[in-house]
Amino acid sequence: MPLHCQEVGGKNYEASMSHVDCFVKELLSSDAMKEYSRARVYLDENYKSQEHFTALGSCYFLHESLKNIHQFDFKAKKFKKVVGKEIYSDTLESTPMLEKEKFPQDYFPEVRTISHAFDLVNIHLFHDASNILAREKSPSVYSGMRQKALGFVLDRITDQRFEKVPYFVFGDFNFRLDTRQVIESLCSTATMQTVRVGDTNEVEKLIFRESENDREVVLQLEKKLFNYINQDVFRENNGTLFLQFDSELSCFKERLHELEISFPPSYPYSEDSSQGKQYMDTRCPAWCDRVLMSATAKDLVLKPENEEKYLVYDNIGPNVCMGDHKPVYLSFRLTAGAGKPNANKHKCCNVQ
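Conventions adopted
Residues numbered from 1 in each chain as written. Predicted model: local features only at pLDDT ≥ 70, side-chain atom pairs only at ≥ 80, totals over all residues. Heavy atoms only, no water. Helix = DSSP H or I, 4+ residues; strand = E, 2+ residues; numbered from the N terminus. Buried < 20%, exposed > 50% of the residue type's maximum accessible area, 1.4 Å probe, protein only. Contact = heavy atoms within 4.5 Å. Pairing = 2+ DSSP bridges. Axes fitted to C-alpha atoms, helices over the stretch in contact; angles between N-to-C directions. Arc of directions from axis to C-beta. Phe/Tyr/Trp six-rings, centres within 6.5 Å; stacked < 30°, edge-to-face > 60°. Lys NZ or Arg CZ within 6 Å of the ring centre and 35° of its normal. Patch = residues over 30% accessible without salt bridge, like charges linked within 9 Å, V, L, I, M, F, W, Y side chains within 5 Å. Areas by Shrake-Rupley, 256 points an atom, 1.4 Å probe, with all protein chains shown as cover. Salt bridge = Lys/Arg side-chain N within 4 Å of Asp/Glu carboxyl O.

A. Main features of the overall build of the protein. From N to C terminus, the protein includes six helices and 18 strands. Within the protein, buried positions represent 49% of all 352 residues. Partitioning the contacts of the protein with sequence separation of at least 6, the portion at a separation of at least 24 is 63%.

B. Region of interest: unusual backbone geometry. With an omega dihedral of -5°, the bond running from Ser138 to Pro139 counts as a cis peptide bond. Note on placement: Pro139 falls in the loop between helix H3 (131-135) and helix H4 (141-157). Across the junction of Tyr267 and Pro268, the peptide omega takes the value 5°, indicating a cis bond. Its place among the elements puts Pro268 in the loop between strand E14 (225-228) and strand E15 (289-293).

C. Structural view of the sheet that holds strand E12 (residues 203-210). Read from one edge to the other, the open sheet built from four strands follows the order E11-E12-E13-E14, with strand pairing classed as antiparallel. Bordering the open sheet on either side are strand E11 (190-196) and E14, each of which pairs with just one other strand. With direction set aside, neighbouring strand axes in the sheet form an average angle of 15°. Sheet analysis places E12 next to strand E13 (residues 217-222), joined by four bridges and oriented antiparallel. Looking across to E13, one finds that Arg209 is bridged to Val217.

D. The arrangement of helix H5 (residues 179-186) in detail. All buried positions along H5 are accounted for by Thr179, Val182, Ile183 and Leu186. Looking straight down H5, one finds its buried side chains confined to an arc of 95°; they lie on one side. Tucked inside the fold, the buried residues of H5 contact H3, E12, E13 and E14.

E. Spotlight on the environment of Ser89. For Ser89, the location among the structural elements is in the loop between strand E6 (85-88) and strand E7 (99-103). With relative accessibility at 29%, the residue Ser89 sits in the partly exposed group. Considering only alpha carbons, one finds Ser89 and Tyr42, 47 residues apart in sequence, at a separation of 5.9 Å. The residues contacting Ser89, other than those within four sequence positions of it, are Asp21, Leu43 and Glu45.

F. Summary view of the side chain of Asn174. Following the sequence through the fold, Asn174 ends up in the loop between strand E10 (167-172) and H5. You can call Asn174 buried: its relative accessible area is 4%. With near-sequence residues (within four places) excluded, Asn174 lies in contact with His124, Leu125, Phe126, His127, Arg146 and Cys288.

G. Just the environment of His127, in detail. For His127, the location among the structural elements is in the loop between strand E9 (118-124) and H3. On the basis of relative accessibility, which here comes to 41%, the residue His127 falls in the partly exposed class. Among all residues touching His127, those that are not within four sequence positions of it are Tyr142, Arg146, Asn174, Arg176 and Arg283.

H. Inspection of the pairing of strand E1 (residues 2-5) at higher detail. Side chains Pro2 and His4 of E1 all project onto a buried face; the interleaved residues Leu3 and Cys5 project onto the opposite face, where all are buried too. Inspection of the sheet shows E1 paired to strand E3 (residues 57-63) by four bridges, in the antiparallel sense. Counted as the bridge partner of Leu3 is Cys59 from E3.

I. Fine view of the packing of aromatic side chains. On inspection of all chains with the given rule, the structure shows 16 aromatic pairs. Ring geometry for Phe74 versus Phe162: centroids 5.2 Å apart, planes at 80°, classification edge-to-face. Of the two residues, Phe74 sits in the loop between strand E4 (70-73) and strand E5 (78-81) while Phe162 sits in the loop between H4 and E10, which places them 88 residues apart along the sequence. A single burial state applies to Phe74 and to Phe162, both of which are buried. Ring-pair connections join several aromatic residues into one group, and the members of that group are Phe72, Phe74, Phe79 and Phe162. Just above the ring of Tyr269 sits the side chain of Lys326; from NZ or CZ to the centre is 4.7 Å. A cation over a ring is seen here: Arg333 above Tyr310, with NZ or CZ 3.5 Å from the ring centre.

J. Structural detail: a nonpolar patch on the surface. A cluster of nonpolar side chains, namely Leu133, Val141 and Met145, defines an oily patch on the protein surface of about 200 Å² accessible area. Examined against the element boundaries, Met145 turns out to sit in helix H4. Exposure remark for Met145: the relative accessible area of 32% places this residue in the partly exposed category.

Put into structure tokens, the structure is as follows:
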């Protein structure tokens with residue numbers, strides 16, 4: 001079971017990073033994990049090295065029923081059998097079992113395993129720094145930055161250095177809905193008021209009011225404010241009305257695939273423990289957290305023996321506070337070998 005984490009240590013990582021190792025050790029020794037006899041955990045905790053720090057965590061737990069699992073050593077360029085439980089922390093720069101690349105502000109470690117041979121790639125892409133700037137054009141400038149970074153990642157994991165194998169890429173892609181198009185849809189009958197900073201004439205706030213209904217404010221937009229009058233629309237029918245504005249993956253349709261999304265936008269949820277289903281009024285809700293795969297990996301997932309009841313793509317804790325991101329997971333089964341059914345379930349899970 002692979003588990004990919006972003007922002008290890010939380011937003012206040014300098015104060016909280018010391019708790020991460022303790023948490024992982026408690027997790028590995030817990031009753032819930034007693035059937036997972038082998039593990040590899042990679043934690044980037046070295047926040048003092050800002051040039052290399054990514055705050056990513058990649059955890060791989062192997063069930064005792066899996067008998068012959070190997071992991072690729074990218075330095076030795078060969079597979080090595082996985083035995084026991086090992087934790088690599090502090091910095092990931094010298095870890096031979098990871099293939100690491102850094103695009104400005106984006107990072108992905110790559111782990112290659114063999115049973116079926118496939119790559120597992122943890123990723124964290126650029127966020128939208130300003131709602132005002134994100135609205136200026138369609139697609140936004142931030143979308144273009146993410147497109148370049150993700151293209152860079154895909155080029156690296158499919159280049160000629162190593163044998164090509166199926167791959168799963170899962171993490172916080174920070175994919176956002178097309179902000180301009182969403183606002184045009186939500187505020188189609190509203191008029192816009194622009195508030196500017198006096199000294200610079202920079203746009204500080206956009207206020208959208210109904211033409212009628214006593215000119216009620218429908219949406220207020222600031223750099224870090226997306227305050228819509230009725231955020232229930234993002235939860236109704238799991239937000240499927242807004243999937244038409246989720247277009248950042250479209251330019252990679254030949255290289256990346258995804259199962260049908262049937263859960264609400266995964267971000268930005270309230271961090272109030274009593275508000276598990278409530279979104280914060282900071283950003284437009286979006287499906288930032290995803291489990292994506294190559295065409296060959298999708299073929300593995302959708303093999304006939306993978307019964308529908310074992311194939312699940314969903315979020316975790318829909319009614320419980322899980323932080324500002326809801327974890328997203330993909331659960332499926334693989335056969336152990338040619339024509340030999342295996343009851344082992346594989347779950348790719350992403351947590352921020």
